[in-house]
Amino acid sequence: MQTHQMYVNGEYIKSTGDEWIDIINPATEQVISKIPKGTEQDVDKAVEAAHQAQQAWELTPNIERGKIVRKLGDKIAENRDKFIDLLQEEQGKDYELASGEVDLAIDYFHYMSEWARRIEGEIVPSDRPNENILVYKKPIGVVAGIIPWNFPVFILARKVATALVTGCTIVIKPSQQTPNTAMEFTKIVDAMEEIPAGVYNVVTGTGSEIGNALASHKKVQMITMTGSLPAGTKVMEAAAQNITKVNLELGGKAPAIVTQNADLDLAAKAITTSRLANGGQACTNAERLYVHESVAEELSQKLIQAFEATKLGDPRESKDVTMGPLISQDRLETVEGMVKDAVSQGATVATGGERADLAGFFYKPTILTNVTHDSDIMREEIFGPVLPMTTYSTIEEAIEMANDTVFGLSSSIYTDDLNEAMRVVNEMKFGETYVNRENFEAVQGYHAGMRQSGLGGADGKHGMEDFLATQVVYMQYKK
């Protein structure tokens, strides 16, 4: 069992506190490592180190920063198998998903490195003679990144690669449930002499203490967090003390609409992937299903067959496992309770509906039918392998129910009718809409939500620009 330390100003340091947090393998319930339960004093040290390193890093030529970001991706690739194994152990992903996440993180570092020569300003015409208006894009400064437990490698890449290539220094807080991959990445940073001390820092601990201390720190210029709505609310409240910029990806309640014109085999396959990927523990997972009444029975049978074909187990024991455990006992109990409540409100369990008879935090892939749109399970985020479904008779009704949510991250539509697809796309109130495919974003796209799903976004040009500040220079000259 490994005992980790925090990483500040280019060195591993002990916490100023004396408490530790056990990290548990969710497939075996065994303790696999320990991290320090950091303190506000630890946060001060890390932010001060990042602040001191900021100016020199900002003045480093963009292309040099880009080369460093590219090399970080290369180093992860060299240690690919190690990252996959750690990810499976600490988070419970099946091999296909774990290897895909690590590969995506590698791709993300490589992709973001290419923005080094593409960060551009503008020249704007002036209303005055002998004057140029220059618009500069500059690093926003010290960034605090809060990493979630459900995609700890990819989202670390999303925050770290973008911060470093734009010239920002960063302090990250890994999830207290999945820090081992972040600490393995920190070994790579520590071994790279090209990265100055203080540019990258890690503070471990609880979100309530470390996250809020980072968000309220006067020397942090942006807090970027991926997590739950309650956690995001707390971060936003803390950031408000100093009017610190927030970049938040929070919860989701993604609707999937299947029309009478859909390819049902394609829809069943894509919805199964969208619901069960990572055990249903992703903000973009299809969380509720609206099916046209004429095809509901046929689709439900195809989905039941796909759900029941899922192989549960410890993903480190077999590559044949297609779904691992939930992250914790608390998550398992929450999902179990939501299904029981749904049944008490009239839902029917078509398949699953109970814990799997395995060690660890396993819940069977579950489909609920006869679910009403206004039931709790259609309105509250499940974050587990449970798909509630209901029927509709008109596309207007489906769109209205899909948009009836406080969230606004992902959505999907399955139809072979182009007119139907375009209407739904134009009327959906979500940051992402997927047409005839599973829910998962591209690194060159823009991953952002509406309403209570968050502020700002990630990926692509627009995500990169969130890490930049704008300076306008009014430059007069003599003629």
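What counts, and at which threshold
Residues numbered from 1 in each chain as written. Predicted model: local features only at pLDDT ≥ 70, side-chain atom pairs only at ≥ 80, totals over all residues. Heavy atoms only, no water. Buried < 20%, exposed > 50% of the residue type's maximum accessible area, 1.4 Å probe, protein only. Helix = DSSP H or I, 4+ residues; strand = E, 2+ residues; numbered from the N terminus. Pairing = 2+ DSSP bridges. Contact = heavy atoms within 4.5 Å. Axes fitted to C-alpha atoms, helices over the stretch in contact; angles between N-to-C directions. Phe/Tyr/Trp six-rings, centres within 6.5 Å; stacked < 30°, edge-to-face > 60°. Lys NZ or Arg CZ within 6 Å of the ring centre and 35° of its normal. Polar contact = N/O pair within 3.5 Å; in protein donor to acceptor, adjacent residues only side chain to side chain.

A. Representation of the pairing of strand S17 (residues 386–392) in the model. A large share of S17 lies buried, amounting to 6 of its 7 residues. Taken together, the 4 bridges between strand S14 (residues 286–292) and S17 define a ladder with parallel strand orientation. Bridging from a neighbouring strand, Leu 289 pairs with Met 389 of S17. The pairing of strand S16 (residues 366–369) with S17 spans 3 bridges and is parallel. Bridge pairing in S17 places Leu 368 opposite Pro 388.

B. Inspection of the pairing of strand S19 (residues 432–435) at higher detail. Burial of S19 is one-sided: the residues Glu 432 and Tyr 434 facing one way are buried, the residues Thr 433 and Val 435 facing the other way are not. Looking at chain direction, strand S18 (residues 410–414) and S19 are connected through 4 bridges and run parallel. Looking at the pairing, Ser 410 lines up with Glu 432 of S19.

C. Main features of the side chain of Thr 181. Take Thr 181: it is sitting in helix H6 (residues 180–191). Contacts of Thr 181, omitting those with residues within four sequence positions, involve Phe 83, Leu 86, Leu 87, Glu 90, Pro 152 and Val 153.

D. Main features of the sheet that holds strand S6 (residues 122–124). Pairing in this open sheet of 3 strands is antiparallel, and the strands run S6-S7-S23 from one edge to the other. The open sheet terminates on both sides in strands that have one partner only, identified here as S6 and strand S23 (468–476). Geometrically, the sheet is characterised by an average inter-axis angle of 25° between neighbouring strands, direction not taken into account. When strand S7 (residues 131–139) meets S23, the two strands line up antiparallel, connected through 9 bridges. Within S23, the position partnered with Pro 139 by the bridge is Leu 468.

E. Looking closely at the sheet that holds strand S5 (residues 30–36). Across the sheet, 3 strands lie side by side as S1-S5-S4; this open sheet has mixed pairing. Strand pairing shows two members of the sheet lacking a second neighbour, strand S1 (2–3) and strand S4 (20–25), which therefore form its edges. Pairing geometry for S1 and S5, over 2 bridges, is parallel. Residue pairing for S5: Thr 3 is matched across the bridge by Lys 34.

F. Seen up close, the packing of aromatic side chains. Across all of its chains, the model carries 9 aromatic pairs by this definition. Ring centres of Phe 109 and Phe 185 lie 5.6 Å apart, and the angle between their planes is 25°; this geometry places the pair in the stacked category. Here Phe 109, found in helix H4 (residues 95–113), pairs with Phe 185, found in helix H6; they are 76 residues apart in sequence, far enough to count as distant. For the residue pair Phe 109 and Phe 185, the accessibility class agrees, reading buried in each case. Pairing Tyr 111 with Trp 115 gives two aromatic rings, centres 6.5 Å apart and planes at 80°, and the pair type is edge-to-face. The exposure class assigned to Trp 115 is buried, which follows from its relative accessible area of 12%. By the ring-pair criterion, three or more aromatic residues cluster together here, those being Tyr 7, Tyr 12, Phe 109, Phe 185 and Tyr 200. Lying across the ring of Tyr 136, Lys 138 places its NZ or CZ 5.6 Å from the centre.

G. Looking closely at the environment of Asn 439. Within the secondary structure, Asn 439 sits in the loop between S19 and strand S20 (447–448). Look at Asn 439 and you get buried, because its relative accessible area is 6%. Asn 439 has contacts with Ala 254, Ser 274, Thr 284, Asn 285, Ala 286, Ser 410, Ser 412 and Tyr 434, leaving out every residue within four places of it along the chain. Within the structure, Asn 439 has its side chain in polar contact with the backbone oxygen of Thr 284 (distance 2.9 Å).

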